[in-house]
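Architecture and fold: a report
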Protein chains: 2
Amino acid sequence: MSDKIPYKIYLNEDEMPKSWLNLKAYMKEQHDPFLNPATGKPCTAEELEAVFCKECVKQELDSVDREIEIPRGVSDFYKMFRPSPLVRAYFLEKALGTPAQIYYKFEGNNTSGSHKLNSAAAQAYYAKEQGLKSITTETGAGQWGTALSMAAAFYGLDLSVYMVKISSEQKPYRKEVMRTYGAKVIPSPSDTTEAGRKILKEFPGTGGSLGCAIAEAVEAAVSTPDCRYVLGSVLDHVLLHQSVIGLESKTALDKYGVYPDIVIGCVGGGSNFGGLIAPYMAERLQNKNSVEFLGVEPASCPSMTRGKYAYDFCDSACITPLARMYTLGCGFMPSPNHAGGLRYHGMSPVISKLYHDGYIRVTSAEQSKVFDAAVTFARCEGILPAPESAHAIKAAVDEALKCRETGEKKVILFGLTGTGYFDLAAYKSYNDGTMTDVIPTDSDLQKGFKSLPKVPET
Amino acid sequence: MSDKIPYKIYLNEDEMPKSWLNLKAYMKEQHDPFLNPATGKPCTAEELEAVFCKECVKQELDSVDREIEIPRGVSDFYKMFRPSPLVRAYFLEKALGTPAQIYYKFEGNNTSGSHKLNSAAAQAYYAKEQGLKSITTETGAGQWGTALSMAAAFYGLDLSVYMVKISSEQKPYRKEVMRTYGAKVIPSPSDTTEAGRKILKEFPGTGGSLGCAIAEAVEAAVSTPDCRYVLGSVLDHVLLHQSVIGLESKTALDKYGVYPDIVIGCVGGGSNFGGLIAPYMAERLQNKNSVEFLGVEPASCPSMTRGKYAYDFCDSACITPLARMYTLGCGFMPSPNHAGGLRYHGMSPVISKLYHDGYIRVTSAEQSKVFDAAVTFARCEGILPAPESAHAIKAAVDEALKCRETGEKKVILFGLTGTGYFDLAAYKSYNDGTMTDVIPTDSDLQKGFKSLPKVPET
């Protein structure tokens, strides 16, 4: 480690981004529009505004403005947990014996423990500005629900979180963080909604699913005055908000005086990866660089490496608009032994389109290998990573080891999206040697594809 | 919030302290020496070196050098999690409607979740430099054991952590973090030591105690070749290492252009408070300021506000040297309903001496009030605090509210030592409304005082 080159860079507050970067405004072709599943026609802004905040819908449909100003009410909140550090992984490089330079952007230094707060802040702010009284959402593992609880508390909004019942039982402490921030946490399915009551009647004793929780949260939002539904990934406006990750990373790497050869992120719904790559992808789309963009997904939920590019529901209860994306089919469920997040059946339409058009490479990783990388990283770099984030670590380590073979001095940037403090049951199974890998068979995948909807003729 | 005044300050790495500040070198009178309980004579360096690392013993006995250089091997590790942010609590000030300025130094942004890593890093480094192969320690709630696990992994030392059995059962995830960093976690009492076997025979089925865990860790250290015991608070060299907290705080407050009127910290063993106040207390001892120093202890374990200034064992198994300190008697046990740490029967000899000489004010707080302050803080400032740290928040809030009454624009600095991510059972009892306060009666205290040792005549 040199005294002249910093170990990590925190930007000064006046260097923080003033605007989000709207990647869509750089894309030559846009992804296909959301369709109303009843009519087969593109969703109108009005239809979307019944569910989502007005300003978020505007951002969702904006493919023109390259920069969208971060409102003062959001940038003030961002100062509570941003800028996040951009770290040179000296100790990891040394342990690997690689000539590569490895950098990571760490988004876990906040109580929600992940990057999710970047969009939670923006969406809660817009809800408040619109004069709403409350918002609803769903959460599985709990990262998103925690982030939104913090934002709702900050802006003074009531929040109901429909938490997948089995998760709320397995992760009582995640639930407790949300309660501490004043959120109402409702194990789903619940008897508070029509959707919940229907599921409970059909499957008494079920542990619930994300699809059911989404259905309940949407129903609660649309049936409550001055209330809207808020989503933590996949959608274009969520990727927009997450562009602060990439923008800060670029400013910090500029200070280091380096430009990445490869940018790596884990992909579940795609929002952190979309945010991290934003400024470099914008330059790539203008033919200003030849950066390689590498998404890493779990082998147990391989929506891009083994999915189809097709119109599908965003939820597994088949109530949302249809999005054209890489998907395993909204009926696909990853094996229950899969730890951590990244278990979404589909993928952000923006990321899907960029992948389809050849701008992104995607690889998949088995979780036992992912945890190997996580533990190596924790011991070298001091941070216990979220299992999600460890997918990116695994790929970064692989790239760095390739450089050791070839002697290349590549500059590797990866996104360390969060901490694993609430994932210690998974670490326990790794430490105990009982963690297993399950990769879906082709026949498993075929079952999922059968759930793909028929898109109505327009 | 003004654009011109930052919300928080991260020092640049070249502004980080190069030396620790040895507060004892500024004190006109030193605290009384450690005594060998068998002989009643002051412990020699040789006696201490049988248990502790040589360099730590040297630092323990050094009351001359005002500055002690931070070795490069430690400062490199510090860069992984330091500098820590110094934050202006704008949102809290606004919520309280106070004219006071509130600043806090946040030490929780690392995987151990607290300031403990500052001394763990130094002690593990010195152990490695001395050529040791392994170290031992005890842990109760787990913050210290986690910090030392991280440091041991970084420097390549084997570590055995004797964890109070009931804690290891109640906090399995704390244990899992330590295991992930490669530490061996042994529920105490265990059958691996004479001390453990004795207790197990006498009290089969006991949940253990910190005193027993210390006894086991010390025995394991002295009976293993190339092994020493490491302690996370109380001792002078631990306070020395923690002075980085105060030194960084002062550099950052200088950048803000302010000097504190009052410096507030929670006190358990005294290491974080001793570290936070170090530079300001050094100036106070030279009559260069009139800063008020306020320690906050739990009403359920009031070692300073209701304890005696006397020689006592540092552990409750009565095997360590005797220290003169404020103590409730080494046999005192706080009520089991007391959440979080700060449950030590005694107090750092340095802090005890400064308190005895009138340089420090101490107050106590009931835990339900402490959690009120914790939740207010979490919702305003975004950080879920450790219950320990929330004692300082409670006092800072009280001081700020006094300023609202008087109109004084005091500058308040407090130490936010850690996060509450592993304390959510306590938050649950607060959220459920089942948290109670238990304040020891005078008769409870008398029982504790009866355990005070008779100091042998010398």
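Located above this text is the structure these notes cover.
So, here is what we can say about the structure in this document. (Residues numbered from 1 in each chain as written. Chains lettered and ligands numbered in written order. Predicted model: local features only at pLDDT ≥ 70, side-chain atom pairs only at ≥ 80, totals over all residues. Heavy atoms only, no water.)

**What about the overall build of chain A?**
Broken down by element type, chain A carries 17 helices and 15 strands. Dimensions of chain A, computed from C-alpha atoms along their principal axes, come out at roughly 60 × 50 × 45 Å. Here chain A, with 458 residues, has 64% of them falling under the buried criterion. Within chain A, residue pairs in contact and separated by at least 24 positions form 76% of the contacts whose partners lie at least 6 positions apart. Accessible surface for chain A amounts to roughly 16300 Å². Of this, 50% is attributable to carbon and sulfur atoms. Taking the average place of the 49 positive charges on the side chains of chain A and the average place of its 53 negative ones, the gap between the two points comes to 2 Å. (Helix = DSSP H or I, 4+ residues; strand = E, 2+ residues; numbered from the N terminus. Buried < 20%, exposed > 50% of the residue type's maximum accessible area, 1.4 Å probe, protein only. Contact = heavy atoms within 4.5 Å. Areas by Shrake-Rupley, 256 points an atom, 1.4 Å probe, with all protein chains shown as cover. Lys, Arg positive; Asp, Glu negative; His and termini not counted. Charge placed at Lys NZ, Arg CZ, Asp CG, Glu CD.)

**Description of the pairing of strand β5 (residues 101–106) of chain B**
Within a regular strand, side chains alternate between the sheet's two faces. Residue and element names in this part refer to chain B. Most of β5 sits inside the fold, with five of its six residues counted as buried. Examined bridge by bridge, strand β4 (residues 86–88) and β5 share three bridges and lie antiparallel to one another. Its bridge partner being in β5, arginine 88 is matched across the sheet by tyrosine 103. Pairing of β5 with strand β15 (residues 411–416) involves six bridges; the strand directions are parallel. Paired with isoleucine 102 across the bridge in β15 is isoleucine 412. (Pairing = 2+ DSSP bridges.)

**Comments concerning the packing of aromatic side chains**
What describes a pair of aromatic rings is the distance from one ring centre to the other and the angle between the planes of the rings. A full pass over the atoms with the stated rule returns 44 aromatic pairs over all chains. Geometrically, the ring pair formed by Phe154(B) and Tyr155(B) is edge-to-face, given 5.1 Å between the ring centres and 90 degrees between the ring planes. Its relative accessible area of 11% is what places Tyr155(B) among the buried residues. A connected cluster of aromatic rings, assembled from ring pairs, spans Tyr7(A), Tyr90(A), Phe91(A), Phe77(B), Tyr78(B), Phe81(B), Tyr125(B), Tyr126(B), Phe154(B) and Tyr155(B). Directly above the ring of Phe449(A) sits Lys308(A), whose terminal nitrogen or CZ lies 4.7 Å from the centroid. (Phe/Tyr/Trp six-rings, centres within 6.5 Å; stacked < 30°, edge-to-face > 60°. Lys NZ or Arg CZ within 6 Å of the ring centre and 35° of its normal.)

**Overview of the pattern of salt bridges**
Residues and elements named next belong to chain B. A full pass over the atoms with the stated rule returns 48 salt bridges over all chains. Between glutamate 107 and arginine 82 there is a salt bridge, and its shortest N-O distance comes to 2.7 Å. Placement of glutamate 107 in the loop between β5 and α5 (117–129) and of arginine 82 in the loop between α3 (72–81) and β4 is noted, with a sequence separation of 25 residues between them. For arginine 82, a relative accessible area of 1% corresponds to the buried category. (Salt bridge = Lys/Arg side-chain N within 4 Å of Asp/Glu carboxyl O.)

**A short note on the relation of the copies chain B and chain A**
Superposition of chain B onto chain A requires a rotation of 180 degrees combined with a translation of 0.0 Å along the rotation axis, giving an RMSD of 0.0 Å. These values place the two chain copies in the arrangement generated by a two-fold rotation axis. When C-alpha distances to the rotation axis are compared across chain B, the minimum falls at Asn109(B), with a value of 3.0 Å. Taken as a fraction of all interface residues of chain B, those also at the interface in chain A reach 98%, which identifies the copy contact as same-surface. (Least-squares fit on C-alpha atoms with pLDDT ≥ 70 in both.)

**Describing the layout of surface pockets**
There is about 690 Å³ of room inside the second largest pocket. Forming the walls of the second largest pocket are 26 residues, and the residues nearest its centre are Asp3(A), Asn12(B), Glu13(B), Asp14(B) and Lys79(B). The set of elements that each furnish at least two residues to the lining of the second largest pocket consists of β1 (8–9) and α11 (236–256) of chain A together with α3 of chain B. Residue composition of the lining of the second largest pocket, grouped by class: twelve nonpolar, three polar and eleven charged. (1 Å grid on protein atoms, 1.4 Å probe; cavity = no way out; pocket = protein on both sides within 12 Å on 5 of 7 lines; lining within 4 Å. Points joined across faces, edges and corners; volume = space filled by probe spheres on them. Nonpolar A, V, L, I, M, F, W, Y, C, P; charged D, E, K, R; others polar.)

**Quick look at the sheet that holds strand β15 (residues 411–416) of chain A**
All names here are of chain A. If you trace the seven strands from one edge of the open sheet to the other, you get β1-β4-β5-β15-β10-β11-β14, paired in mixed fashion. Each edge of the open sheet is held by one strand with a lone partner, namely β1 and β14 (361–365). Judged from the five bridges that link them, strand β10 (residues 262–266) and strand β11 (residues 292–298) form a sheet pairing that is parallel. Considered in β11, the bridge of glycine 265 is made with glycine 295. The sheet contacts of helix α12 (residues 271–285) involve β10, β11 and β15, and relative to β10 the element is tilted by about 155 degrees. (Axes fitted to C-alpha atoms, helices over the stretch in contact; angles between N-to-C directions.)

**A look at unusual backbone geometry**
All names here are of chain B. Omega for the peptide link from arginine 82 to proline 83 comes to -10 degrees, which places this bond in the cis form. In this structure, proline 189 follows serine 188 across a cis peptide bond, with omega equal to 5 degrees. For proline 189, the location among the structural elements is in the loop between β8 (184–188) and α9 (194–202). The backbone phi angle of aspartate 226 is positive, close to 55 degrees, even though this residue is not glycine. Inspection of the secondary structure assignment puts aspartate 226 in the loop between α10 (210–222) and β9 (227–229). In this structure aspartate 226 comes out as partly exposed when scored by relative accessible area, which is 41%.

**Here we look at the sheet that holds strand β1 (residues 8–9) of chain B**
Read from one edge to the other, the open sheet built from seven strands follows the order β1-β4-β5-β15-β10-β11-β14 (chain B), with strand pairing classed as mixed. In this open sheet, the two strands that pair with only one neighbour each are β1 and β14 (361–365) of chain B.

**Some remarks on helix α6 (residues 143–155) of chain B**
Residue and element names in this part refer to chain B. The terminal C-alpha atoms of α6 lie 19 Å apart, and with 13 residues this matches the ideal 18 Å at 1.5 Å per residue to within 8%. Counted residue by residue, α6 has eleven buried out of 13 residues, so it is predominantly covered. For α6, every residue scored as buried is listed here: Gln143, Trp144, Gly145, Thr146, Ala147, Leu148, Ser149, Met150, Ala151, Ala152 and Tyr155. The inward-facing, buried residues of α6 contact α3, α5, β6 (134–139), β7 (158–164), α8 (172–180) and α15 (387–406). (Expected span 1.5 Å × (residues − 1).)

**A few points about the interface of chain B and chain A**
Each side of the interface is counted separately: chain B has 44 residues, and chain A has 43 residues. Contact between chain B and chain A buries roughly 4200 Å² in total, counting both sides, with carbon and sulfur atoms accounting for 54%. Sorting the residues of chain B by area buried against chain A places Thr180(B), Arg379(B) and Tyr421(B) first, and these three jointly supply 15% of that buried surface. In this assembly, chain B and chain A are joined by two salt bridges. Taking the shortest distance from any N to any O, the salt bridge between Arg179(B) and Asp432(A) comes out at 2.8 Å. The tally of links from chain B across to chain A stands at 28 residue pairs in polar contact (both at pLDDT 80 or more). For the side of chain B that touches chain A, the elements supplying multiple residues, two or more each, are α3, α6, α8, α14 (367–381) and α16 (424–431) of chain B. (Buried area = accessible area lost by both parts, 1.4 Å probe. Polar contact = N/O pair within 3.5 Å; in protein donor to acceptor, adjacent residues only side chain to side chain.)

**A short note on the environment of His345(A)**
Tracing the backbone through its elements, the reader meets His345(A) in the loop between β13 (322–327) and α13 (349–356). For the pair His345(A) and Asn431(A), spaced 86 residues apart in sequence, the C-alpha to C-alpha distance is 28 Å.

**Thoughts on the packing of helix α3 (residues 72–81) of chain A against helix α6 (residues 143–155) of chain A**
Residues and elements named next belong to chain A. Running from N to C, α3 and α6 point in directions that differ by 125 degrees, and their axes come no closer than 12 Å. Compared by their axis directions, α3 and α6 come out oblique. Once α3 is placed against α6, the crossing between them reads as right-handed. Across the interface between the two elements, Gly73, Val74, Phe77 and Met80 of α3 pack against Met150, Ala151, Phe154 and Tyr155 of α6. (Parallel < 35°, antiparallel > 145°, perpendicular 65-115°, else oblique. Left-handed = near helix turned anticlockwise from the far one by under 90°.)

**Here's the deal with the packing of helix α16 (residues 424–431) of chain A against α8(B)**
Orientation of α16(A) relative to α8(B), taken along the N-to-C sense of each, is 50 degrees, at an axis distance of 9 Å. The pairing of α16(A) with α8(B) is recorded here as oblique in orientation. Here the hand of the crossing between α16(A) and α8(B) comes out left-handed. Taking contact as the criterion, the partners of Leu424(A), Ala425(A), Tyr427(A), Lys428(A) and Asn431(A) in α16(A) are, on α8(B), Tyr173(B), Glu176(B), Val177(B), Arg179(B) and Thr180(B).

**A word on the side chain of Ser368(A)**
Residues and elements named next belong to chain A. Summarising the element assignment, serine 368 is placed in helix α14 (residues 367–381). On the basis of relative accessible area, serine 368 is assigned to the buried category, the value being 18%. Here the side chain of serine 368 touches aspartate 437 through a polar contact of 2.5 Å, side chain to side chain.

**Examining helix α10 (residues 210–222) of chain A**
All names here are of chain A. For α10, which comprises 13 residues, the first-to-last C-alpha distance of 18 Å matches the rise-based estimate of 18 Å (1.5 Å per residue) to within 8%. Among the 13 residues in α10, ten count as buried, and that is most of the element. Here α10 has its buried residues at Gly211, Cys212, Ala213, Ile214, Ala215, Glu216, Ala217, Val218, Ala220 and Ala221.

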